[in-house]
Amino acid sequence: MKRRLDISLIIDMLKQVFEREKGPISLYEPTFLGNEWSYVNECLDTGWVSSAGKYVNQFEHLLAEFTEIPYAIATVNGTAALHLGLLLVGVRHNEEVLVPSLTFIATANAVSYCGAIPHFVDSTKETLGIDSLKLRSYLGEISEIRAGGCYNKQTGRRIAAIVPVHTFGHPVEIEPVIELCQDYSIKLVEDAAESLGSRYKGQHTGTWGEVSAISFNGNKIVTTGGGGALLTHDPEVARQAKHLTTTAKLPHPWAYEHDQVGYNYRMPNLNAALGCAQLEQLPELLNRKRKLAMLYKEKFRAVDGVCFFEEKENTLSNYWLNVLLLDEDHAEERNELLERALRVGIQMRPAWTPVHQLKPYQDCPRMDLSVAENLASRIVNLPSSPKLW
Ligand SMILES: *Cc1c(COP(=O)(O)O)cnc(C)c1O
């Protein structure tokens, strides 16, 4: 007879991790340890709360410095940064963009905002990110290269870009994805929304793509309340990004001249002030996240039927949302685990519903997604607030 998951033991282990905490444990809470109050107050005192003020430029500077990239452009949220990034690499109406199905819906939504169509690809159990080997053989079957572009033979549409996601902060194996992009003339837009501070072979995630997007939503490792940023190495892309985020207004002391249909996507000063204080704390936040992850790893080492998901060789994860992977034969017990944890005040979550199963995206092109579906059925996100350590 099959052994059941020892849910009581799992909950005991969780309680040991949170032994110093009183009250319910949420999945993620922001942590404010430094200058957050004084910087935000300064915005209020001086009246600089909106689209101008010193903190936005300072935030961009600090972010670029931290991730070791020349340009960062702050946006109203991560989805807006992704949307801009896709536009700037040339994604147009009625083209296709390769997107993992195991991601937050925002990745696919940004593609839709361009009038383009997400084409869903599978993930690997090793990284939780895009399976580049499987994708390479799939592209070999369904696509052809003509006129400098990659075309889907079945739909006739150009496959313009790929958006790998560093899932829950764990870096995708990015080098094979870059090779694929070179071989198939596909542009690389990194969704590093969750992975600020994570590295692949020592280099920050978000600095491998032609452009990348980061999110500063309230549940991300650094928050600006709501916010995002686009990262790039290319000065011309940076200039265009800034132009497009500020309604494509031409600089002038008083005239309203706009030379394109732009967006109101620039991060307000109030949010950037919070962000500057948060970025000052980032090394400490990363340190706490790592220690919390190591504690989970130790507690779950001896528990049968589950496996704490660890960073892979050559990578450094920010452990944004910690992942407990149930063994294949325990997937049906996942909901019971979530319910019982909730009853004792511990909030855990399943992975996202794979995007190809969501109503707006059910008819999109896709490859075999069996691994993404399998992973989605047995991932449990553990409480991951930096304050838990
Ligand atoms: C959070 C997130 C986004 C979107 O960021 P917002 O700032 O919420 O718009 C995009 N992709 C992934 C994978 C995310 O986790």
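Residues numbered from 1 in each chain as written. Predicted model: local features only at pLDDT ≥ 70, side-chain atom pairs only at ≥ 80, totals over all residues. Heavy atoms only, no water.

Here's the deal with the packing of helix α1 (residues 7-17) against helix α9 (residues 269-300)
Then, number 1: Interaxial distance between α1 and α9 falls to 10 Å at its minimum, and their mutual angle equals 145°. Regarding α1 and α9, the two cross each other, and that crossing is right-handed. Here Ile-10, Met-13, Leu-14, Gln-16 and Val-17 of α1 come into contact with α9, specifically with Leu-292, Leu-295, Tyr-296, Lys-299 and Phe-300.
Then, number 2: A class-by-class count of the residues in the contact of α1 with α9 yields eight nonpolar, one polar and one charged. (Axes fitted to C-alpha atoms, helices over the stretch in contact; angles between N-to-C directions. Helix = DSSP H or I, 4+ residues; strand = E, 2+ residues; numbered from the N terminus. Left-handed = near helix turned anticlockwise from the far one by under 90°. Contact = heavy atoms within 4.5 Å. Nonpolar A, V, L, I, M, F, W, Y, C, P; charged D, E, K, R; others polar.)

Remarks on the site of the ligand
Then, number 1: If you check the shell around the ligand, you find 15 residues, and the closest are Gly-78, Thr-79, Glu-194, Ser-215 and Lys-220.
Then, number 2: For the ligand, an oxygen atom lies 2.5 Å from a polar atom in the side chain of Thr-79.
Then, number 3: At a separation of 2.8 Å, a nitrogen atom of the ligand approaches a polar side-chain atom of Asp-191.
Then, number 4: Calculation on the ligand without its partners gives an accessible area of 380 Å², and the protein chains cover 92% of this total.
Then, number 5: Elements represented by at least two residues in the shell around the ligand include exactly α4 (78-88) and α5 (105-113).
Then, number 6: Across the shell around the ligand, the residue classes break down as four nonpolar, eight polar and three charged. (Near = heavy atom within 4 Å. Polar contact = N/O pair within 3.5 Å; in protein donor to acceptor, adjacent residues only side chain to side chain. Areas by Shrake-Rupley, 256 points an atom, 1.4 Å probe, with all protein chains shown as cover.)

Focus: the nonpolar core
Then, number 1: Ranked by size, the top nonpolar core spans 56 residues in total, and within it Leu-86, Val-91, Val-97, Leu-135, Leu-139, Ile-162 and Ile-186 carry the most contacts.
Then, number 2: The dominant element in this core, judged by the number of residues it contributes, is α4, at seven residues.
Then, number 3: When sequence neighbours within four positions are dropped, the list of residues in contact with Ile-162 reads Val-97, Leu-98, Ile-130, Leu-135, Val-177, Cys-181, Ile-186, Lys-187, Leu-188 and Val-189. (Core = buried A, V, L, I, M, F, W, Y, C linked by side-chain atoms within 4.5 Å. Buried < 20%, exposed > 50% of the residue type's maximum accessible area, 1.4 Å probe, protein only.)

Re the environment of Arg-266
Then, number 1: The residue Arg-266 is located in the loop between α8 (235-245) and α9 in this model.
Then, number 2: Look at Arg-266 and you get buried, because its relative accessible area is 10%.
Then, number 3: Each C-alpha atom of the pair Arg-266 and Ile-73 lies 8.3 Å from the other, and the pair is 193 residues apart in sequence.
Then, number 4: If we ignore the near neighbours within four places in the chain, the residues touching Arg-266 are Val-56, Asn-57, Glu-60, Ile-73, Ala-74, Thr-75, Val-76, Lys-242, Thr-245 and Thr-246.
Then, number 5: Here the side chain of Arg-266 touches Asn-57 through a polar contact of 3.4 Å, side chain to side chain.

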